[in-house]
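Next come the chains, spelled out residue by residue.
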Amino acid sequence: MAEKIRVVVIGAKGRMGRETVQAILKDEELELVGAVDRTLDGVSVSDVLGVDAGSVQFSNDVEKTLVETKPDVMVDFTTPAVMKGNIDKAIQFGVRPVVGTTGMTPEEIAAWDQACKERGIGGVIAPNFAIGALLMMRFAAEAARFLPHVEIIEMHHDQKLDAPSGTAIKTLELISQAREQMGQGHPNEHESIAGARGGEIEGMRVHSVRLPGYVAHQQVIFGGLGQTLTIRHDSINRESFMPGVVLSCKEVMKYEGMVYGLENLLF
Ligand code: NAD
């Protein structure tokens, strides 16, 4: 049998990280070799997460874990503030980053792409690992060619730090590539409550709802003459992201450079 792909998970005690640990443990081609979270060091992953992770222990030190466990892949589900340093370290040590944490700039992605190519490794940054969400984005880009007036409402749990979501930004980028450059809405509109019309990207509005009970949801609403079209995706639980994470851990072994968006590996 071929060697398993060695994976470390950073942010492994978090909501996405623990789901990722379980998905890796279930997959025959992947091997969990390390788990990092900021508050845990030298304690058993099995004990903390209630899974069978053998002798793998938590560490609170990304660099030490990369050096000691020599992984092929580093999965990052941490926070916008720490994810950037983790990606830099992974590339430095020749470990392929698979990143779900959102909140980086196009310039940073371009720099990591260059660094990955220089190091001869692949990388994945995916604002959304759920296949349904990728289809939503694809359908939205298609619809925008015919119904170019569009706004997004995205809903997430109230512990999410960044707004709007990486998925909303990515969707609006795809739409702006697909539709003619245009203004929308009334040019003289004004807000009697600041922020009432949401944020703006390329003339399109995006509204972020943060409430307990939600996981990750998005509506892309198109308006035309006498009609609206709503394309909606709901991640009902975090398992929805795992087929995309597992696929990324395998595909990232096969190319060089940083791929931004799981759709580039799927479609
Ligand atoms: P979370 O708060 O539950 O987990 C984050 C974990 O990172 C925590 O356990 C925290 O202790 C750990 N952490 C923080 N700083 C650290 C450091 N310096 N070193 C090691 N560990 C550290 O958050 P979450 O809900 O799991 O989300 C994590 C990220 O993933 C967010 O940016 C979120 O937007 C993103 N996300 C992406 C997708 C996707 O499909 N791409 C899906 C859901 C969430």
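Please read these numbers as outputs of a predicted model, since none were measured by experiment.

Criteria and cut-off values
- Residues numbered from 1 in each chain as written.
- Predicted model: local features only at pLDDT ≥ 70, side-chain atom pairs only at ≥ 80, totals over all residues.
- Heavy atoms only, no water.
- UniProt positions renumbered as here; feature names shortened; annotations may be inferred.
- Helix = DSSP H or I, 4+ residues; strand = E, 2+ residues; numbered from the N terminus.
- Buried < 20%, exposed > 50% of the residue type's maximum accessible area, 1.4 Å probe, protein only.
- Pairing = 2+ DSSP bridges.
- Axes fitted to C-alpha atoms, helices over the stretch in contact; angles between N-to-C directions.
- Contact = heavy atoms within 4.5 Å.
- Core = buried A, V, L, I, M, F, W, Y, C linked by side-chain atoms within 4.5 Å.
- Salt bridge = Lys/Arg side-chain N within 4 Å of Asp/Glu carboxyl O.
- Polar contact = N/O pair within 3.5 Å; in protein donor to acceptor, adjacent residues only side chain to side chain.

Asker: Teacher, can you tell me more about the UniProt feature "binding site: NADP(+)" (unreviewed entry) in the protein here?
Answerer: Sites flagged by UniProt as "binding site: NADP(+)" (unreviewed entry) map to Arg38. With respect to the element layout, arginine 38 can be found in the loop between strand S2 (30-36) and helix H2 (45-49). A relative accessible area of 74% places arginine 38 in the exposed class.

Asker: What is the right way to look at the sheet that holds strand S10 (residues 216-224) in this model?
Answerer: Strand pairing within a sheet occurs via backbone hydrogen bonds; the two strands may be parallel or antiparallel. One open sheet holds the five strands; their spatial order is S8-S9-S7-S10-S11, and the pairing between them is mixed. Two strands in the sheet have a free side with no partner beyond their single neighbour: strand S8 (199-201) and strand S11 (227-235). For this sheet, the mean angle separating the axes of adjacent strands, direction not counted, is 20°. Looking at chain direction, strand S7 (residues 149-156) and strand S9 (residues 204-210) are connected through six bridges and run parallel. Bridging from a neighbouring strand, isoleucine 153 pairs with histidine 207 of S9. Each of S10 and S11 touches helix H6 (residues 131-144); the most contacted strand, S11, lies at about 165° to it. Helix-sheet contacts for helix H7 (residues 166-178) involve S7, S8, S9 and S10, and the interaxial angle to S10 is about 30°.

Asker: Sorry if this is basic, but what is going on with the nonpolar core here?
Answerer: Across soluble globular proteins, you tend to see nonpolar side chains buried next to one another. In terms of nonpolar packing, the biggest core is built from 55 residues, with Val45 and Phe222 touching the most fellow members. With seven residues, H6 is the single largest residue contributor to this core. Sequence-distant contacts of phenylalanine 222, defined by excluding residues within four places in its chain, comprise Ala140, Ala143, Ala144, Leu147, His149, Val150, Ile175, Gln227, Thr228, Leu229 and Ile231.

Asker: How should I be thinking about the pattern of salt bridges in this particular structure?
Answerer: Pairs may arise between side chains of opposite charge once their charged atoms sit close together. This structure, assessed with the given rule, holds 13 salt bridges. Note that lysine 160 and aspartate 162 form a salt bridge whose closest N and O atoms lie 3.1 Å from each other. Because the salt bridges share partners, they merge into one network encompassing Glu151, Glu189, Arg197 and Arg205.

Asker: What should I look at first to understand the pairing of S9 in this one?
Answerer: Sheet faces and side chains relate simply in a regular strand, where the side chains alternate between the two faces. Of the pairings in the sheet, the one linking S8 to S9 comprises three bridges and is antiparallel in character. Bridge pairing links glycine 199 to valine 206 in S9. Remark: two residues form the turn of the hairpin made by S8 and S9, two consecutive strands paired antiparallel; glutamate 202 in that turn has positive phi of roughly 50°.

Asker: Is there a simple way to think about the side chain of threonine 65 in this case?
Answerer: One can find threonine 65 in helix H3 (residues 62-69). For threonine 65, the side chain forms a polar contact with the side chain of serine 59, separated by 3.2 Å. Not counting residues within four places of it along the chain, the set of residues in contact with threonine 65 comprises Val8, Gly34, Val36, Ser59, Lys70 and Pro71.

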